[in-house]
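Observations on the model geometry
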Amino acid sequence: QVQLVESGGGSVQAGASLRLSCAASGSIFRINAMGWYRQAPGKQRELVARISSGGSTNYADSVKGRFTISRDNAENTMYLQMNSLKPEDTAVYYCNAEVLSWLLTTTAYWGQGTQVTVSS
């Protein structure tokens, strides 16, 4: 099995920064794309940022220019640097990884989620 362990969430004031980390471990042949998603109360889970195995990135319009996604393939670790945080960023943030097994089956795994709260 594959486990994703997240860290870095917390409660901050508007304008502050946080850095989220996601470390993948377990039976992994290769990790393709990884991404950060978030879910606010009463809303559906949405994509925040995504990064391919080659380093190509995509961002939600609401976070462009403020958030930066990165990954360390050797360590199977992904990061989300969040700057200029706004109250609208308050949500549970989830790590997602598309894992290719040794049988060449792709499975999406999710982390446990970490709470980010931004007060005005």
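First things first, this report covers the structure right here in the doc. Only a predicted model underlies this, so the values are computations on that prediction, with no experimental measurement involved.

So, the overall build of the chain
Per the secondary structure count, the chain includes zero helices and 11 strands. For the chain, the N- to C-terminal ordering of α and β elements is β-β-β-β-β-β-β-β-β-β-β. Computed over the C-alpha atoms, the radius of gyration of the chain is 14 Å, within 12% of the 14 Å expected from 2.2 N^0.38 for a compact globule of 120 residues. If one aligns the C-alpha atoms of the chain with their principal axes, the spans along those axes are about 50 × 25 × 20 Å. With 120 residues in all, the chain has 38% of them scored as buried.

Digging into the pairing of strand E4 (residues 30-39)
Of all 10 residues in E4, eight are buried; the element is thus mostly enclosed. Two elements, E4 and strand E5 (residues 46-51), share five bridges in a ladder whose sense is antiparallel. Bridging from a neighbouring strand, Gly35 pairs with Arg50 of E5.

Section: the pattern of salt bridges
Summed over the entire model, instances satisfying the criterion amount to five salt bridges. Glu98 serves as the salt-bridge partner of Arg50, at 2.9 Å between the closest nitrogen and oxygen. Highlighted residues: Arg50 in strand E5 and Glu98 in strand E9 (residues 91-100), separated in sequence by 48 residues. One continuous salt-bridge network, built from bridges that share partners, spans Arg38, Glu46, Arg66 and Asp89.

What to know about the side chain of Asp89
Along the chain, Asp89 falls in the loop between strand E8 (77-82) and E9. Using a relative accessible area of 1% as the deciding quantity, one classes Asp89 as buried. Of the polar contacts made by the side chain of Asp89, one reaches the side chain of Arg38; its length is 3.0 Å. In this structure the side chain of Asp89 is engaged in a polar contact, spanning 2.8 Å, whose partner is the side chain of Arg66.

Criteria and cut-off values
- Counting starts from 1 at the beginning of each chain's written sequence and moves along it residue by residue.
- Given that the model is predicted, a residue must reach a pLDDT of at least 70 before its local features are reported, and side-chain atom pairs must reach 80 or more before they are shown or counted; all residues, however, enter totals for whole chains, interfaces and linings.
- The side-chain values count all of the structure's non-hydrogen atoms but skip hydrogen atoms and water molecules.
- Put simply, DSSP H or I for four residues or longer makes a helix, DSSP E for two residues or longer makes a strand, and each gets a number counted from the N terminus.
- Just to be clear, the radius of gyration here is over C-alpha atoms, and the globule rule we use is 2.2 Å times residues to the power 0.38.
- With a 1.4 Å probe rolled over the protein chains alone, any residue whose accessible area is under 20% of its type maximum counts as buried; one over 50% counts as exposed, and the rest are partly exposed.
- Should DSSP find at least two bridges between two strands, the strands are taken to pair.
- When a carboxyl oxygen of Asp or Glu is within 4 Å of a side-chain nitrogen of Lys or Arg, the pair counts as a salt bridge.
- N or O atoms closer than or at 3.5 Å make up a polar contact, with two conditions inside protein: a donor-capable atom paired with an acceptor-capable one, and, for residues adjacent in sequence, both atoms drawn from side chains.

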